Amino acid sequence: MASTALTKEDVERLVKDPSERTRAGTVEKIAKDYNRGTLSEGARRLAQEIFRLLLNDAAVRVREALSQSLKNSSMVPHDIAAALIKDVDTVAVPMLKYSDVLTDDDLIEIIASQNEERQTAIAGRKFVSEEVSDALVHTDNGKVVTKLMSNESALISERSLTHVLETLGDDDDVKQAMVRRPMLPITVVEKLMTVVAGHLKAELAKNQDIPDDLLTDIVMRTWERATIALSSSYGQDQLQRLIEHLHGNGRLKHSVVLRALCLGDIRFFETAVATMANLSIQNARLLIHDSDTAGLKKVCSKAGLPESALPAVRAAVTICNETELDGEDMDVERYKCRVVERLLSQYGDRDLELESGDLEYLFAKLSALPKEHRSFS
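Residues numbered from 1 in each chain as written. Predicted model: local features only at pLDDT ≥ 70, side-chain atom pairs only at ≥ 80, totals over all residues. Heavy atoms only, no water.

## Considering the overall build of the chain
We apply this condition: Runs of H or I in DSSP of at least four residues are treated as helices and runs of E of at least two as strands, each being numbered from the N terminus. Remark: exposure states derive from per-residue accessible area (1.4 Å probe, protein chains only) relative to the maximum for the residue type, with buried under 20%, exposed over 50%, and partly exposed in between. In what follows, residue pairs with any heavy atoms lying within 4.5 Å of each other are defined as contacts. Calculation of accessible area relied on Shrake-Rupley with a 1.4 Å probe; when residues are assessed, cover is drawn exclusively from the protein chains displayed.
Counting its secondary structure elements, the chain contains 22 helices and 0 strands. Counting every position in the chain, which comprises 377 residues, the buried fraction comes to 47%. The long-range share in the chain, meaning contacts at least 24 apart out of those at least 6 apart in sequence, stands at 62%. Total accessible area computed for the chain in this model is approximately 19200 Å², and 50% of it derives from carbon and sulfur atoms.

## A few points about the nonpolar core
Quick reminder of the rule: Here the nonpolar core consists of buried residues drawn from Ala, Val, Leu, Ile, Met, Phe, Trp, Tyr and Cys, with membership extended through side-chain atoms lying within 4.5 Å.
If you look at the biggest cluster of nonpolar residues, it comprises 96 residues, and the most contacted ones within it are Phe268 and Phe269. Setting aside residues no more than four positions away along its own chain, phenylalanine 269 makes contact with Val257, Leu261, Ile288, Cys300, Leu305, Val313 and Val317.

## Some points on the side chain of serine 99
Applied cut-off: Between N or O atoms, a polar contact is any pair within 3.5 Å; within protein, one atom must be a potential hydrogen donor and the other a potential acceptor, and residues adjacent in sequence are included only when both atoms are from side chains.
Within the secondary structure, serine 99 sits in the loop between α6 (89-98) and α7 (104-111). Polar contacts involving the side chain of serine 99 include one to the main-chain amide nitrogen of valine 101, which spans 3.2 Å.

## Details of the packing of aromatic side chains
How we decide: The aromatic pairing rule takes the rings of Phe, Tyr and Trp, using the six-membered ring of Trp, and pairs them if the centres are within 6.5 Å, calling planes under 30 degrees apart stacked, those over 60 edge-to-face and the rest tilted.
This model, assessed by the stated rule, comprises 1 aromatic pair. Consider the rings of tyrosine 34 and phenylalanine 51, whose centres lie 5.3 Å apart with planes at 90°: the pair is edge-to-face. Here phenylalanine 51 lies in helix α3 (residues 41-54) and tyrosine 34 lies in helix α2 (residues 20-36), a separation of 17 residues in the sequence. A residue is classified by how much of its surface remains accessible, and phenylalanine 51, at 0% relative accessible area, is buried.

## A few points about the environment of valine 132
For valine 132, the position within the fold is in helix α9 (residues 130-137). Look at valine 132 and you get buried, because its relative accessible area is 1%. Sequence separation between valine 132 and alanine 154 is 22 residues, and the spatial gap between their C-alpha atoms is 9.2 Å.

## Here's the deal with the environment of valine 256
Residue placement: valine 256 occurs in helix α16 (residues 254-262). Since its relative accessible area comes to 0%, valine 256 is described here as buried. Remark: the alpha-carbon pair of valine 256 and arginine 221, spanning 35 residues in sequence, is separated by 8.4 Å.

## Examining α16
Residues that lie three or four places apart on an α-helix share one face, since the helix turns once every 3.6 residues. With 7 of its 9 residues buried, α16 lies for the most part within the structure. Residues of α16 that are buried include every one of Val256, Val257, Leu258, Arg259, Ala260, Leu261 and Cys262, and no others. Glycine 264 lies just past α16 and shows a positive phi near 85°.

## Looking at the pattern of salt bridges
Pairs can form between side chains of opposite charge once their charged atoms are near each other. We apply this condition: Whenever a carboxyl oxygen of Asp or Glu lies within 4 Å of a side-chain nitrogen of Lys or Arg, that contact is scored as a salt bridge.
Evaluated as defined, the whole model comprises 14 salt bridges. A salt bridge links aspartate 33 to arginine 36; its shortest N-O distance comes to 3.8 Å. Residue aspartate 33 and its partner arginine 36 are both found in helix α2; the two are separated by 3 residues, about one turn of the helix. By relative accessible area, which is 13% here, aspartate 33 ends up buried. One salt bridge connects arginine 241 with glutamate 158, and the closest N-O pair in it is separated by 2.0 Å. With arginine 241 in helix α15 (residues 236-248) and glutamate 158 in helix α11 (residues 158-168), the pair connects residues that are 83 residues apart, well separated along the chain.

## A closer look at helix α20 (residues 310-322)
Just so we agree on the cut-off: Given the number of residues in a helix, its expected span is that number minus one, multiplied by 1.5 Å.
Here α20 spans 18 Å end to end across 13 residues, near enough to the 18 Å set by a 1.5 Å rise per residue. Of all the residues in α20, the buried ones are Leu310, Ala312, Val313, Ala315, Ala316, Val317, Ile319 and Cys320.

## Points about the packing of helix α8 (residues 116-123) against helix α10 (residues 142-150)
For clarity, the cut-off: Orientation is described by axes fitted as lines to C-alpha atoms, over the contacting stretch for helices, and by angles from 0 to 180 degrees between their N-to-C directions. Each angle gets one of four labels, with under 35 degrees taken as roughly parallel, over 145 as roughly antiparallel, 65 to 115 as roughly perpendicular, and the rest as oblique. Gly is placed with the polar residues, together with every amino acid not listed as nonpolar (Ala, Val, Leu, Ile, Met, Phe, Trp, Tyr, Cys and Pro) or charged (Asp, Glu, Lys and Arg).
Between α8 and α10, the least distance of the axes is 8 Å, while the angle of their chain directions is 10°. When the axis of α8 is compared with that of α10, the two are roughly parallel. Here Glu116, Gln119, Thr120 and Ala123 of α8 lie close against α10, whose contacting residues are Lys143, Val144, Lys147 and Leu148. Its residues assigned to classes, the contact of α8 with α10 comprises 3 nonpolar, 2 polar and 3 charged.

## Some points on a negative patch on the surface
Heads up, the condition is: Nonpolar side chains (Val, Leu, Ile, Met, Phe, Trp, Tyr) are joined into patches within 5 Å and like charges within 9 Å, using only residues with over 30% relative accessible area and no salt bridge. Positive charges come from Lys and Arg, negative ones from Asp and Glu, while His and the chain ends are left out of the count. All charge positions are set by atom: Lys at NZ, Arg at CZ, Asp at CG, Glu at CD.
Taken together, the side chains of Asp104, Asp105, Glu130 and Glu131 define an acidic patch exposed on the protein surface. With respect to the element layout, aspartate 105 can be found in helix α7.

Note that all results are geometric; they support no functional claim without further evidence.
Take a look at the structure:
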């Protein structure tokens, strides 16, 4: 095989050949055999010597050919790959995007150079570690971060995702890319909803003549509905994280806790009350479902829920306990509908008083459910 018989004379001719095209073509041929692993040990070392010599070739075209030829090679020596990524962009970018010889330290060093094209190439790699993602996120560059968010194989920590929302929350491209990411942490999803709600309020205030207090109420109700819907699709561990996150950020309002309960989301209510009362979820459940209701009163008081809400809470807890999922299609939707219907049917009873806003919310929720799931239709 000709490629296994490389000589010093071949190296000299390659370096001295005045034709860029010829040198570039020769590089591609040598690299092809090198990447196949068909070279003898001596020829392999000689090929590496050629690659190192060509790192200093005056013709960018030759160095570009070298980078393109070696970008997918797992056998290229690290020093060659490290040199190529410090060359001009057209030489560096292919290696930055594809080479798995590069280390996280190599990539983080390049990210620190503040070269957007190189940062974007790194953000699109087939694998990006959390450490590299963190470095990319802290460039605070919308184009780079959008590329990273669009890369489903990139590992991005919750801390980095939170930083993105805090620094680039106004960038629509970044937000859209985040929304499309699979398996976002529940706390990040909630923050994303909060950012969107804040922008909605700002846009409405700018374009509509709506009193600020009414506008705040509209946006808050929208956020609460979305948060309750979000929580129902996650397991207990993620729900606990969401509740703790809301509580720590002052967003675990009484209104969202009571609305969740009135919609039959007993898990949200139990977890929220446990967190607000600083109790374990097990102890909170025992008190909430205490048969003589004394425990419910005690835990609601410890959680800081208004005493005026207790009759509605008692009625809703009783209804939730008496209403079960049937395991059929859309059983969750029908379950919520039955809870809301039964709660509304008791409105006006001597011991049950709902705020008018809560009643309007319940009616709106009923109206939004599919007609086939409303038993009174």
